[in-house]
There are 2 protein chains.
Amino acid sequence: MATATPSPTAADPAERFARSAAVTEAGSWLRTAEVPGWMAERHASHRFVVRRIPFAALTGWSFDPGSGNLGHDSGRFFTVEGLQVSVGSGPFPHWQQPIIKQPEVGILGILAKEFDGVLHFLMQAKMEPGNRNLLQLSPTVQATRSNYTKVHRGADVPYLDHFLRPAPGSVVADVLQSEHGSWFFRKSNRNMIVETRDEVPVAEDFCWLTLGQIGRLLRRDNVVNMDARSVLASVPTGAPASGAPCCDTDLLSWITAERSRHTVSAERIPLDAVAGWRRGPHTIERADGRYFRVVAVAVEAGSREVAGWSQPLIEPCAPGVTAFLTRRIGGIPHVLVHARVEGGFLDTVELGPTVQCVPGNHAPLPPGDRPPFLDTVLTAGPGRIRYEAVHSEEGGRFLNAESRYLLVEVADDVPEVLPPGYRWVTPGMLGALVRHGHYLNVQARSLLSLLTTGAAVLQD
Amino acid sequence: MATATPSPTAADPAERFARSAAVTEAGSWLRTAEVPGWMAERHASHRFVVRRIPFAALTGWSFDPGSGNLGHDSGRFFTVEGLQVSVGSGPFPHWQQPIIKQPEVGILGILAKEFDGVLHFLMQAKMEPGNRNLLQLSPTVQATRSNYTKVHRGADVPYLDHFLRPAPGSVVADVLQSEHGSWFFRKSNRNMIVETRDEVPVAEDFCWLTLGQIGRLLRRDNVVNMDARSVLASVPTGAPASGAPCCDTDLLSWITAERSRHTVSAERIPLDAVAGWRRGPHTIERADGRYFRVVAVAVEAGSREVAGWSQPLIEPCAPGVTAFLTRRIGGIPHVLVHARVEGGFLDTVELGPTVQCVPGNHAPLPPGDRPPFLDTVLTAGPGRIRYEAVHSEEGGRFLNAESRYLLVEVADDVPEVLPPGYRWVTPGMLGALVRHGHYLNVQARSLLSLLTTGAAVLQD
């Protein structure tokens, strides 16, 4: 079907990735138009059933009698605990909430290989119980430490060795990045891209796609999963457009100042002690129905590492909006980042999208307390929208956690003086920052992946 | 005495700093040989007295009746609490210890300015109660948030505005860096270098020195304090010697792998609950006399922001050894870093020196459990020692915390296969990493400052 090029060229890595992003309709394997059919076929060939169950029907999970924390009898996987957060100021200076604690570092790895002179990426059609459509395109490897140390007695994780023992010089990107700071307590995953020259057998449920093909698929709703988007943000894109050194000192200084001006206290508390939340047989939720609820599901699946299991999930109460405003400054496209505090972040602040919220949660607030730029995004005319699609957050922990991802172009209707915590940056600067952990949150990385794959284009 | 150059040249910043490092004997102000006399004169002009006192004689500090935590009645400054650490493996897989918790971010800032075409740095002769000789050369600004928000009702911090509101384009370095992970719980300080073109009045206790002058003073014991050394590690030194992009992907990948392979749990516990430590009237210490003790001092001083105060300090039980092994690889000098776990680190692992320990703490261990390379450093002949001096750790929190800092050249007597967690890197790579927080621990930054200032030279 395709022959491997014997040795990747020594060209600039960014150039090789750009070449792959330019190949959009057909790689050396499937045509892009064939991928949805292939995914539907993979879906049909397995038996996937996800049912909501009461907490009492969870197998191996129970509420700790002392704290009320929800955990697995093995002590592994994750626990749902309580968190008490103080951020000092803003419309919500203090709050308590349930949170997922999962101290182990997982691996999200995409294997790359040249075919016919073009880099391809080995993507997996993978079921996750929380995805609206269950099966999405995922990284080659998406493994918790529990996965690959076999705590749940499953099968081997295919291709894992490429990431645990990469050949010298084969690593393209390798960085610990945060997961959702509103739902996870200090959770990091290892985001890796590794290029191989070896023969790679293509297992069932896997296919090689170019970056451009993945970009085209990112224009559809709910096809490319969050873990894949997070990793694809690390695709090298060359020097920042400004020609400045790879990490702009003024930008680093601004981030340092933002981290210094916030004093965040986040202390774990017993789940039973979380004020304003109540536990019923099927849910842990707030009386006002806002934010999210903790629920439980039973999963039956034929293609996963184990045949069936049950687990808790976090289910947001409404869909979110995740958007970068974009504009040209000095002829160069910029996006507007927001230095966000999230209770579960390791280090106070990470850069997030211009807008990242569930609009319904903010409906009761006075206009001055509504998230900045939310109304700009919600009222943007079609001519302003450079990208729009619905994507899911991590389907292994979050149920139906959908968000509308947008890139919205603005002209002169944005004030020259930005609110505190907002700054225009180039995508190239974000590409330099994402080589290091804990600068870009997972939503900002998702939006950045739209640019690294060519799903969206800011240059005219 | 000297005239300000009206406008710094637009030359490469690294080149301008290198030019300052080359000026070693006399800047536009004091001659290097005059600095010790000037410091002695500053010392003599103030009344500095530090006395050990029992905890009961502390003013404004008390032990919490519930937890035994030692804190200030205002709730500010810092507390001494307990910490329980699990690192999974090694000779000490679990332990408990007292630790300082100080969640606020301080500013360590050095102001730079060109005189006669050469960058000078505004250094302060500052008293800290824990320094062996009390007064050392310190950054222009060394302020906790309590300092500059006036919690202790002191005087204004001079020059602070240069760092809180730097002019556009004036920031040379600005990064949140860790403090001692063995004694502080997740403490970060903002390390800044800011260049000004303004007229700057030189206050009593301050003087302008070139980088080369500071380098010469770093060859003396206990002259340049830890905060100054930490900031000076951020001096730009240009691209890594290898000509590689500013942050080597293989090095970043190795650091990510080191962070992923360690699972560290560090939980705060009440000070009264710390096993193996006992509280007496004057000290909190271990029965076996190892590691450190918590003590209290009363300070009388005329030149500090307030006239007198009392406070707890941590006093190590013996002097430490802090050393990089160095060798040439492919003709380029390298130093041997160690990916260290310290209980108080924010993120599991930071890169530290080859050797960082108090040898006495390891005396009872079997030879296989002694710190790697400690004996190589302790037995190195004088011909191998490229640098050696005694420096103090932060004198505001640590009493007589002295360590012998060394750069020890090795040839073929180091094994080709290193123990896990060790790697040869170039100083240029460290210079790229130190632009970001939490890669280099404070001891590694101290050693790096010897190279950025020219105190030690690895090139022949």
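Positions within a chain are numbered from 1, following the residues in the order the chain's sequence is written. Whichever chain is written first becomes A and whichever ligand is written first becomes 1, with later ones labelled in order. Given that the model is predicted, a residue must reach a pLDDT of at least 70 before its local features are reported, and side-chain atom pairs must reach 80 or more before they are shown or counted; all residues, however, enter totals for whole chains, interfaces and linings. Side-chain metrics rest on all non-hydrogen atoms present in the structure, leaving aside hydrogens and water.

Visitor: Please set out the overall build of chain A residue by residue, giving values where relevant.
Guide: Only runs of H or I of at least four residues qualify as helices and only runs of E of at least two qualify as strands under DSSP, and these elements are numbered from the N terminus. When helices and strands are tallied, chain A shows 11 helices and 24 strands. Our radius of gyration looks at C-alpha atoms and nothing else; its globule reference is 2.2 Å times the residue count to the power 0.38. Expected size for 460 residues packed as a compact globule is a radius of gyration near 23 Å; at 22 Å, chain A falls within 12% of this value. Taking the principal axes of its C-alpha atoms as reference, chain A extends roughly 60 × 55 × 40 Å. With a 1.4 Å probe rolled over the protein chains alone, any residue whose accessible area is under 20% of its type maximum counts as buried; one over 50% counts as exposed, and the rest are partly exposed. Counting across all 460 residues of chain A, residues that qualify as buried make up 59%. Only heavy atoms matter for contacts: two residues are in contact if any of them lie within 4.5 Å across the pair. Intrachain contacts of chain A at a sequence separation of at least 6 include 73% that bridge at least 24 residues. Of the roughly 17,200 Å² of accessible surface on chain A, a fraction of 53% belongs to carbon and sulfur atoms. Computed by Shrake-Rupley with a 1.4 Å probe, the accessible areas treat only the displayed protein chains as cover when residues are assessed.

Visitor: Break down helix α1 (residues 13-21) of chain B for me, with residues and values.
Guide: Buried within α1(B) we find B:A14, B:R16, B:F17, B:S20 and B:A21. Summarising the axial view, the buried residues of α1(B) lie within an arc of 160 degrees, below the 170-degree limit, and thus occupy one face. Taken from the helix axis, the directions to the C-beta atoms give the arc we talk about.

Visitor: Quick rundown of the domain arrangement of chain A? Include the residues and the values.
Guide: Residue and element names in this part refer to chain A. Domains assigned within chain A are domain 1 (14-46 + 104-232) and domain 2 (248-265 + 318-363 + 370-452). Taking only C-alpha atoms into account, the centre of domain 1 sits 24 Å from that of domain 2. Two parts placed together each lose some accessible area under a 1.4 Å probe, and adding up what both lose gives the buried area. Carbon and sulfur atoms make up 47% of the area that domain 1 and domain 2 hide from each other, which totals about 3,000 Å². Taken as a group, R132, S178 and R229 account for 19% of the area that domain 1 buries against domain 2, more than any other trio of residues on that side. Salt bridge, as used here: a side-chain nitrogen of Lys or Arg that lies within 4 Å of a carboxyl oxygen of Asp or Glu. At the surface where domain 1 touches domain 2, the tally comes to two salt bridges. In this structure, R229 engages E393 in a salt bridge whose closest nitrogen and oxygen atoms are separated by 4.0 Å. Counted as a polar contact is a pair of N or O atoms within 3.5 Å, where, for protein atoms, one must be capable of donating a hydrogen and the other of accepting one, and residues adjacent in sequence contribute only when both atoms are in side chains. At the junction of domain 1 with domain 2, the criterion picks out 25 residue pairs in polar contact (both at pLDDT 80 or more). Those elements that place two or more of their residues in the side of domain 1 that touches domain 2 are β10 (171-178), β11 (188-195) and α6 (226-232). Across the side of domain 1 that touches domain 2, the residue classes break down as 12 nonpolar, 14 polar and nine charged. Residue ranges for the domains trace back to a domain assignment, done automatically or taken from a database. Classification convention: Asp, Glu, Lys, Arg as charged; Ala, Val, Leu, Ile, Met, Phe, Trp, Tyr, Cys, Pro as nonpolar; all other residues, Gly among them, as polar.

Visitor: Mind laying out the relation of the copies chain B and chain A, listing which residues take part and the relevant values?
Guide: A residue counts toward the fit only if its pLDDT is at least 70 in both copies, and the copies are then superposed by least squares on the C-alpha atoms of those residues. Overlay of chain B on chain A (RMSD 0.0 Å): rotation 180 degrees, translation along the axis 0.0 Å. The two molecules are tied by a two-fold rotation axis, judged by turn and shift. Comparing interface residues between copies, 100% of those in chain B also lie at the interface in chain A; the contact surface is shared.

Visitor: An account of the packing of aromatic side chains is requested, with residue identities and associated values reported.
Guide: Side-chain rings of Phe, Tyr and Trp (the six-membered ring for Trp) are treated as a pair once their centres are within 6.5 Å; stacked means planes under 30 degrees apart, edge-to-face means over 60, and tilted covers the remaining angles. Taken as a whole, this structure holds 22 aromatic pairs over all chains when the rule is applied. When the ring of A:W277 is compared with that of A:F292, the centres are 4.8 Å apart and the planes differ by 45 degrees; the resulting orientation is tilted. Separated by 15 residues along the polypeptide, A:W277 in strand β14 (residues 277-279) and A:F292 in strand β16 (residues 292-300) bring together distant segments of the chain. Aromatic pair B:Y159 and B:F206: ring centres 4.9 Å apart, planes at 65 degrees, arrangement edge-to-face. Of this pair, B:Y159 sits in the loop between α3 (145-148) and α4 (161-164) while B:F206 sits in strand β12 (residues 206-210); the two residues are 47 residues apart in sequence, bridging distant segments of the chain. Each of the two residues, B:Y159 as well as B:F206, counts as buried. Taken together, the ring pairs connect A:W29, A:F115 and A:W208 into an aromatic cluster. Above the face of the B:Y405 ring, B:R229 is positioned so that its terminal group lies 5.3 Å from the ring centre. Two conditions define a charge sitting above a ring: the NZ of Lys or the CZ of Arg must be within 6 Å of the ring centre, and it must be within 35 degrees of the ring normal.

Visitor: Residues and numbers for unusual backbone geometry, please.
Guide: Both trends apply: most residues other than glycine have a negative phi, and most peptide bonds are in trans. Residue A:Y291 is not a glycine yet carries a positive backbone phi of 70 degrees. Residue placement: A:Y291 occurs in the loop between β15 (284-286) and β16. Residue A:Y291 is classed as partly exposed on the basis of its relative accessible area of 26%. Positive phi, normally seen in glycine, also occurs at B:H438, with a value near 70 degrees. Structurally, the position occupied by B:H438 is in the loop between α9 (427-433) and α10 (442-452).

Visitor: Give me the lowdown on the pattern of salt bridges, citing residues and values where you can.
Guide: Pairing between side chains becomes possible if they bear opposite charge and their charged atoms approach one another. Evaluation of the coordinates by the stated rule reveals 48 salt bridges over all chains. Shared partners join several salt bridges into a network, and the residues in it are A:E41, A:R42, A:E204 and A:D205.

Visitor: I'd like to hear about the side chain of A:N222, residue by residue, with values.
Guide: Residue and element names in this part refer to chain A. As for its position among the elements, N222 is in the loop between α5 (211-217) and α6. At 2.6 Å, the side chain of N222 forms a polar contact with the side chain of E402. N222 has contacts with R132, N133, Q136, V390, H391, S392 and E402, leaving out every residue within four places of it along the chain.

Visitor: Give me the interface of chain B and chain A: which residues, what numbers.
Guide: Accessible area lost upon the coming together of the parts is a frequently used measure of interface size. Facing the 32 residues of chain B at the interface are 32 residues of chain A. On the surface where chain B and chain A come into contact, there are two salt bridges. Note that B:R268 and A:E267 form a salt bridge whose closest N and O atoms lie 3.1 Å from each other. Counting across the interface, chain B meets chain A through 11 residue pairs in polar contact (both at pLDDT 80 or more). Of all the elements in the fold, those that place two or more residues in the side of chain B that touches chain A are β10 (171-178), α7 (249-261) and β13 (265-269) of chain B. In terms of residue count, the dominant contributor to the side of chain B that touches chain A is α7(B) (nine residues). Among the residues making up the side of chain B that touches chain A, the classes are represented as 12 nonpolar, eight polar and 12 charged.

Visitor: Give me helix α11 (residues 442-452) of chain A: which residues, what numbers.
Guide: Owing to its 3.6 residues per turn, the α-helix brings residues three or four apart onto one side. Residue and element names in this part refer to chain A. In terms of burial, α11 is a largely internal element, 10 of the 11 residues being buried. Restricting attention to buried positions, one finds in α11 the residues V442, Q443, A444, R445, S446, L447, L448, S449, L450 and T452. G454 sits one or two residues past α11 and shows a positive phi near 80 degrees.

Visitor: Describe in detail the pairing of strand β12 (residues 206-210) of chain A, supporting the description with residues and values.
Guide: Residue and element names in this part refer to chain A. A large share of β12 lies buried, amounting to five of its five residues. Any two strands are treated as partners once DSSP identifies two or more bridges connecting them. When strand β7 (residues 118-127) meets β12, the two strands line up antiparallel, connected through five bridges. If you follow L122 over to β12, its bridge partner there is W208.

Visitor: Kindly report on the state of the cysteines, identifying the contributing residues and their values.
Guide: All names here are of chain B. Disulfide assignment relies on a single distance test, namely cysteine sulfur atoms paired within 2.5 Å. Inspection of every chain in the model, using the stated rule, returns zero disulfides over all chains. Unpaired in this structure, C317 has its nearest cysteine sulfur neighbour in C357, at a distance of 14 Å. For C317, a relative accessible area of 27% corresponds to the partly exposed category.

Visitor: Any chance you could break down the environment of B:C207 for me, citing the residues and the numbers?
Guide: Residues and elements named next belong to chain B. Here C207 is to be found in strand β12. According to the relative accessible area criterion, C207 is buried, its value standing at 6%. Spatially, the C-alpha atoms of C207 and T140 are 9.2 Å apart, while their sequence positions differ by 67 residues. Apart from residues lying up to four places away in sequence, C207 is in contact with L30, W38, F121, L122 and M123.

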